[in-house]
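Structural overview for review
So the chains spell out like this:
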Amino acid sequence: MRQPVAAGDTLYSYTMLYTRRDVGKLALAALPMAKALGAIDSKFNGVQIGAITYSFRGMTDPDAIVKAMADIGLGEAELMSNHAEAAAGAPPQTPGGGRGRGQMTPEQQAAMRARQEELKKWRASTSPGTFKAVRKKFNAAGIDVALLCYNMQDSMTDDDIEFGFQMAKELGVKGITTSTTVSMSKRIAPLADKHKLMVGYHGHDQTSDPNQFATLDSYATAFSYGKYNGVNLDIGHFTASNYDAIAFIKEHHARITNLHVKDRKKDHGPNTPWGQGDTPIKEVLQLLKKEKYPFPANIEYEYQGESDVITEMKKCLAFCKAALA
């Protein structure tokens, strides 16, 4: 899929004078005073609208992501772990935070292993205050870091999984979201119980694979492993899998950490600009409003837009506001 145009991409033209991080810091300093001093309110009629920072995967500088969210008017973030670690000074990682790598060449695999080894060493050097500073960076721009997205691959050790919970604790989030397998949810459940922290398993539409979160049975299996095993319901993927998001939310709202909001066609159809697909976005948001469900509805920008990511995300936010009016 073509990556959205990133608002920060043009910063490369300044590299002779400034690094990307320097420019990001200057951009943060230029945020409107009201946003820098107070929280951004993106809760409409009781429904919290935010975004997963994966939406800004074309940006490599976390400061640019903070500025983009503030410019759009989003006051709640589901923070990707690679963005959290980059903001804390970690070595460069895969832009998607472990999502959607696809088929890699032997050279790419070797490079990825080298990056993973560097990251492992960096993680060992972190202190209890490492990620508290990251939260402060977002809070200073008026953005609440509500959730950490920490994707847990089957190859992870127990120490790798534990690190995600420690990161979540330092960030002060309400839960962890993750793209992983059903079998991994059995390993994760005891740690979620130990830390008393909800884990929302993110689903896709790979309904033919019983080890992927895609079917009703896959979620039921995860729920059976522990009371802190929940769901990060992606209503776009759920609709593409030909399931009823409204009915699922009504039945399992107590297990939902948050929603991912996007529009897709049924029958495993494509992502579309909002309002052009089959996902009942307005009806879902109205349900959250009516029932006063406390979890956020986070925009996940994945369709191929006509403009840059900030402009397209503003359109998505406006859609949510109109749906909740």
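These numbers were taken from a predicted model, which means no experiment stands behind them.

1. A few points about unusual backbone geometry
Positive phi, close to 60 degrees, is recorded for H268, a residue that is not glycine. You can call H268 partly exposed: its relative accessible area is 39%. Notably, K292 is not glycine yet its phi reads approximately 60 degrees, a positive angle.

2. A look at helix α3 (residues 62–72)
Of all 11 residues in α3, 9 are buried, a share of seventy percent or more. Here α3 has its buried residues at P62, D63, A64, I65, V66, A68, M69, A70 and I72. The backbone nitrogen of D63 has a side-chain oxygen 3.0 Å away, supplied by the residue at the start of α3, namely D61. Downstream of α3 by one or two residues, G73 has phi in the positive range, about 100 degrees.

3. Regarding the state of the cysteines
This structure, assessed with the given rule, holds 0 disulfides. Residue C320 stays outside any disulfide, its sulfur separated by 7.2 Å from that of C316, the closest cysteine. Residue C320 is classed as buried on the basis of its relative accessible area of 1%.

4. Here we look at the pairing of strand β6 (residues 198–202)
Most of β6 sits out of view: 5 of its 5 residues are buried. Both faces of β6 are covered, namely the face carrying M198, G200 and H202 and the face carrying V199 and Y201. One ladder, built from 4 bridges, connects strand β5 (residues 175–178) with β6; its direction is parallel. When the sheet's bridge partners are listed, T177 is paired in β6 with G200. In the classification by handedness, the crossover that spans β5, the intervening helix α8 (residues 182–195) and the parallel β6 is right-handed. In this view, the connection linking β6 to its parallel neighbour strand β7 (residues 229–234) by way of helix α9 (residues 216–225) has right-handed handedness.

5. Considering the packing of aromatic side chains
The full count for this structure, using the stated rule, is 10 aromatic pairs. The positively charged end of R57 is found above the aromatic ring belonging to Y54, 4.4 Å away from the centroid.

6. Points about the pairing of strand β2 (residues 47–52)
Looking along a regular strand, one sees the side chains alternate between the two faces of the sheet. Of all 6 residues in β2, 6 are buried, a share of seventy percent or more. Of the two faces of β2, the one holding V47, I49 and A51 and the one holding Q48, G50 and I52 are both buried throughout. The sheet contact formed by strand β1 (residues 43–44) and β2 spans 2 bridges and is antiparallel. Residue pairing for β2: F44 is matched across the bridge by V47. Counted between consecutive antiparallel strands, the loop separating β1 from β2 contains 2 residues, among which N45 sits at a positive phi close to 50 degrees.

7. Section: the packing of helix α7 (residues 158–171) against α8
As a packed pair, α7 and α8 sit with axes 11 Å apart at the nearest point and diverge in direction by 45 degrees. Judged by the inter-axis angle, α7 sits oblique to α8. Between α7 and α8 lies a crossing of right-handed hand. Residues D158, I161, E162, F165 and Q166 of α7 touch α8, and the partners they reach there are M184, R187, I188, L191, A192, K194 and H195. In terms of residue class, the contact of α7 with α8 is built from 6 nonpolar, 2 polar and 4 charged.

8. Details of the confidence of the model for the chain
Detailed reading of the predicted coordinates is not advisable wherever pLDDT is low. Mean pLDDT for the chain: 89, with 86% of residues reaching 70 or above. This model gives residues 1–24 a pLDDT under 50, and the stretch forms 35 contacts once residues within four places in sequence are excluded.

9. Let's talk about the packing of α3 against helix α13 (residues 309–323)
Relative orientation of the contacting elements α3 and α13 amounts to 40 degrees, with a least axis distance of 9 Å. In terms of their interaxial angle, α3 and α13 are classed as oblique. For the element pair α3 and α13, the recorded crossing hand is right-handed. Contacts between α3 and α13 involve A68, D71 and I72 from the former and I310, M313, K314 and L317 from the latter. In terms of residue class, the contact of α3 with α13 is built from 5 nonpolar, no polar and 2 charged.

10. Things to note about the pattern of salt bridges
Scanning the model with the defined rule gives 11 salt bridges in all. Here K262 ties to E302 by a salt bridge, and the two come within 3.3 Å at their closest N and O atoms. Of this pair, K262 sits in the loop between β8 (256–261) and β9 (263–264) while E302 sits in the loop between β11 (297–299) and α13, placing them 40 residues apart in sequence. By the burial criterion, K262 is buried, and E302 matches it. Taken together, the salt bridges that share partners define one network made up of D234, K262, E300 and E302.

11. A look at the nonpolar core
Proteins that are soluble and globular tend to have nonpolar side chains buried together. Ranked by internal contacts, the top residues of the largest apolar core, which has 85 residues, are I49 and L259. Setting aside chain neighbours within four positions, we find I49 in contact with S42, F44, L74, E76, L285, A297, I299, L317, C320 and L324.

12. Re the environment of Y225
Residue position: Y225 is located in helix α9. If sequence neighbours within four positions are ignored, Y225 has contacts with V182, S185, K186 and A189.

Conventions adopted
- Residues numbered from 1 in each chain as written.
- Predicted model: local features only at pLDDT ≥ 70, side-chain atom pairs only at ≥ 80, totals over all residues.
- Heavy atoms only, no water.
- Buried < 20%, exposed > 50% of the residue type's maximum accessible area, 1.4 Å probe, protein only.
- Helix = DSSP H or I, 4+ residues; strand = E, 2+ residues; numbered from the N terminus.
- Polar contact = N/O pair within 3.5 Å; in protein donor to acceptor, adjacent residues only side chain to side chain.
- Disulfide = S-S within 2.5 Å.
- Pairing = 2+ DSSP bridges.
- Right-handed = clockwise from strand over helix to strand, strands pointing away.
- Phe/Tyr/Trp six-rings, centres within 6.5 Å; stacked < 30°, edge-to-face > 60°.
- Lys NZ or Arg CZ within 6 Å of the ring centre and 35° of its normal.
- Axes fitted to C-alpha atoms, helices over the stretch in contact; angles between N-to-C directions.
- Parallel < 35°, antiparallel > 145°, perpendicular 65-115°, else oblique.
- Left-handed = near helix turned anticlockwise from the far one by under 90°.
- Contact = heavy atoms within 4.5 Å.
- Nonpolar A, V, L, I, M, F, W, Y, C, P; charged D, E, K, R; others polar.
- pLDDT = per-residue confidence, 0-100.
- Salt bridge = Lys/Arg side-chain N within 4 Å of Asp/Glu carboxyl O.
- Core = buried A, V, L, I, M, F, W, Y, C linked by side-chain atoms within 4.5 Å.

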